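Tertiary structure, described
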Amino acid sequence: MRRLSCSFFQSSRKETVLDLAKFVDKGVQVKLTGGRQVTGTLKGYDQLLNLVLDEAVEYLRDSDDPLKTTDQTRRLGLIICRGTAVMLVSPTDGTDEIANPFLQPDGA
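The model shown is predicted, which means the values in this text are computed figures rather than measured ones. (Residues numbered from 1 in each chain as written. Predicted model: local features only at pLDDT ≥ 70, side-chain atom pairs only at ≥ 80, totals over all residues. Heavy atoms only, no water.)

In this section: the layout of surface pockets. Here the idea is plain: a probe the size of a water molecule rolls over the atoms and shows the empty space left. A volume near 540 Å³ is recorded for the largest pocket. Lining the largest pocket are 19 residues, with Q29, K31, Q37, T69 and E97 sitting closest to its centre. Going through the elements one at a time, β1 (27-32), β2 (37-45), β4 (69-81) and β5 (86-91) are the ones with two or more residues in the lining of the largest pocket. In terms of residue class, the lining of the largest pocket is made up of 5 nonpolar, 9 polar and 5 charged. (1 Å grid on protein atoms, 1.4 Å probe; cavity = no way out; pocket = protein on both sides within 12 Å on 5 of 7 lines; lining within 4 Å. Points joined across faces, edges and corners; volume = space filled by probe spheres on them. Helix = DSSP H or I, 4+ residues; strand = E, 2+ residues; numbered from the N terminus. Nonpolar A, V, L, I, M, F, W, Y, C, P; charged D, E, K, R; others polar.)

See below:
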């Protein structure tokens, strides 16, 4: 019986799955646990995914449906998003909101 080497599974340095360096000084959208959503300019981050955002704006949630955000915003300025609360980080450049193609018309 042959033994397989485990060197494939071991790495000499720890690599992060998410490379945020390309987003520094660029606009990002961050979704947080609990449904909060903020956008701002990424100024820094660490290995725990703590994010520093400048000129941050929070999109307020609908009072009737807390899962939906509204067009109402609140300026937050310079903030730190705790890494344990970060669920999604995406660039704001090159993204547009589109209508839901799976939504059925009311008459169907």
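So, next bit.
Scanning the model with the defined rule gives 3 salt bridges in all. A salt bridge links D25 to K43, with the shortest nitrogen-to-oxygen separation between them at 3.1 Å. One end of the pair, D25, is in the segment before β1; the other, K43, is in strand β2, with 18 residues separating them in the sequence. Residue R36 pairs with E58 through a salt bridge whose shortest N-O separation is 3.0 Å. Residue R36 is found in the loop between β1 and β2, and its partner E58 is found in strand β3 (residues 51-61); the two are separated by 22 residues along the sequence. If you follow the salt bridges from partner to partner, you end up with R36, E58 and R74 in one network. (Salt bridge = Lys/Arg side-chain N within 4 Å of Asp/Glu carboxyl O.)

V28, V30, L42, L51, L53, C81 and V86 are the most contacted members of the largest nonpolar core, which totals 14 residues. Put simply, the parts of the chain that give this core at least two residues each are β1, β2, β3, β4 and β5. Apart from residues no more than four positions distant in its own chain, V86 is found in contact with V30, K31, L32, L49, L51 and C81. (Core = buried A, V, L, I, M, F, W, Y, C linked by side-chain atoms within 4.5 Å. Buried < 20%, exposed > 50% of the residue type's maximum accessible area, 1.4 Å probe, protein only. Contact = heavy atoms within 4.5 Å.)

The subject of this paragraph is the side chain of S90. Note on placement: S90 falls in strand β5. Those residues in contact with S90 that sit more than four places away from it in its chain are G27, V28 and Q29.

All right, on to the confidence of the model for the protein then. Detailed reading of predicted coordinates is not advised where the pLDDT is low. On average, residues of the protein score 83 in pLDDT, and 81% of them are at 70 or above. Least confident of the elements in the protein is β4, whose mean pLDDT is 92; most confident is β2, at 96. This model gives residues 4-12 a pLDDT under 50, and the stretch forms 0 contacts once residues within four places in sequence are excluded. (pLDDT = per-residue confidence, 0-100.)

Attention shifts here to the pairing of β1. Bridge count for β1 against β2 is 5 bridges, and the pairing is antiparallel. Residue V28 lies in a different strand from β2, and its bridge partner there is G40. Counted between consecutive antiparallel strands, the loop separating β1 from β2 contains 4 residues, among which G34 sits at a positive phi close to 90 degrees. Direction of pairing for β1 relative to β5: antiparallel, over a ladder of 5 bridges. When the bridges of β5 are listed, K31 appears paired with L88. (Pairing = 2+ DSSP bridges.)

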